[in-house]
Amino acid sequence: SPPVRVVHHGLFYEAPVPEAVALERRLRERRILFFGAARQNKGLDLLLDALEQVPKVELTIAGARGEPEYWKDEIQPRLEKCHRLGIKVHHFDQFVPEDVVPELFGAHSVVALPYRPSFKSQSGIAFLAMGTSTPLVCTNVGDLGRTVEGAGVGVLAKGFTTESVAIALKDALDLEGHELRRRFL
């Protein structure tokens, strides 16, 4: 039989790596991006719950609602709670055109991928983030853990809980100076 070849997912964009100062500024702005369709296996509900434990953050959800029942039962009540708590959440309920993606990613501090164990794939979103020099905060599912740790491009949550995601977000957003350059540049 023919040999099996493994072809790693490539980068869609190769934006110039920002200077440490530019990334430090983005981290200070504490803007989190959740990109793509909101499906249960992508853990948007975990992320919204985690925001309560991460001070002074802003979340952008860029992508379609995905699963209507999940949105209505799990996401909408959490969005309402965030609003009551004064947590800024922006939602762009539409397909994001390709020409907008680099600017959208580059305007955020981190990209959050709080995926659940039922997510059984590689994430193209992780590679979009890497191509735009935007740090990742994600759970260890599929090949994400190996990608994030191997390439040194983000922070892994230690589990699939609200608390684990909150701690990983704080760890990424609170990096400064030498540690920031060592981790992401």
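About the criteria used
- Residues numbered from 1 in each chain as written.
- Predicted model: local features only at pLDDT ≥ 70, side-chain atom pairs only at ≥ 80, totals over all residues.
- Heavy atoms only, no water.
- Core = buried A, V, L, I, M, F, W, Y, C linked by side-chain atoms within 4.5 Å.
- Buried < 20%, exposed > 50% of the residue type's maximum accessible area, 1.4 Å probe, protein only.
- Helix = DSSP H or I, 4+ residues; strand = E, 2+ residues; numbered from the N terminus.
- Contact = heavy atoms within 4.5 Å.
- Pairing = 2+ DSSP bridges.
- Axes fitted to C-alpha atoms, helices over the stretch in contact; angles between N-to-C directions.
- Right-handed = clockwise from strand over helix to strand, strands pointing away.

1. Quick look at the nonpolar core
Soluble globular proteins tend to pack their nonpolar side chains together in the buried interior.
Next up, step 1: One finds Ile-32, Leu-44, Leu-47, Leu-51 and Leu-169 to be the most contacted residues of the largest nonpolar core, which totals 31 residues.
Next up, step 2: Among the elements of the structure, helix H1 (20-29), strand E1 (31-35), helix H2 (44-50), strand E2 (58-62), helix H3 (68-85), strand E4 (110-113) and helix H7 (162-173) are those that each provide at least two residues to this core.
Next up, step 3: When residues of this core are assigned to their parent elements, the largest contribution, six residues, is made by H7.
Next up, step 4: Contact partners of Ile-32, with chain neighbours within four places excluded, come to Leu-47, Leu-51, Val-57, Glu-58, Leu-59, Thr-60, His-108, Val-110, Ala-112, Leu-169 and Leu-173.
Next up, step 5: Leu-33, Phe-35, Val-96 and Tyr-115 belong to the second largest nonpolar core, which has 23 residues in total.

2. Some remarks on the environment of Pro-68
Next up, step 1: As for its placement among the helices and strands, Pro-68 is situated in helix H3.
Next up, step 2: Its relative accessible area of 62% is what places Pro-68 among the exposed residues.
Next up, step 3: Note: C-alpha distance between Pro-68 and Ala-38 (30 residues apart in sequence) is 9.2 Å.

3. Structural notes on the sheet that holds strand E3 (residues 88-92)
Next up, step 1: Spatial strand order, E3-E2-E1-E4-E5-E6: six strands in an open sheet with parallel pairing. The sheet terminates laterally at E3 and strand E6 (154-156), the two strands that pair on one side only. Across the sheet, the mean angle from the axis of one strand to that of its neighbour is 20 degrees, orientation sign disregarded.
Next up, step 2: With three bridges joining them, strand E5 (residues 136-138) and E6 adopt parallel strand pairing. The residue of E6 that forms the bridge with Val-137 is Val-155.
Next up, step 3: The strands touched by helix H5 (residues 124-131) are E1, E4 and E5; relative to E4, the strand with the most contacts, the crossing angle is about 170 degrees.

4. Here we look at unusual backbone geometry
Next up, step 1: The residue Arg-30 is not glycine, and still its phi comes out positive at about 55 degrees.
Next up, step 2: Inspection of the secondary structure puts Arg-30 in the loop between H1 and E1.
Next up, step 3: Assessed through its relative accessible area of 12%, Arg-30 is described here as buried.
Next up, step 4: Phi at Ser-133 is positive, roughly 55 degrees, even though this residue is not glycine.
Next up, step 5: Mapped onto the elements of the fold, Ser-133 is located in the loop between H5 and E5.

5. Considerations on the pairing of E1
Next up, step 1: For E1, the buried fraction is high: four of the five residues fall into the buried class.
Next up, step 2: In the classification by handedness, the crossover that spans E1, the intervening H2 and the parallel E2 is right-handed.
Next up, step 3: The sheet contact formed by E1 and E4 spans two bridges and is parallel. By the bridge assignment for E4, Leu-33 is matched with Val-111.

So far we have only geometry, and geometry alone does not tell us how the molecule works.
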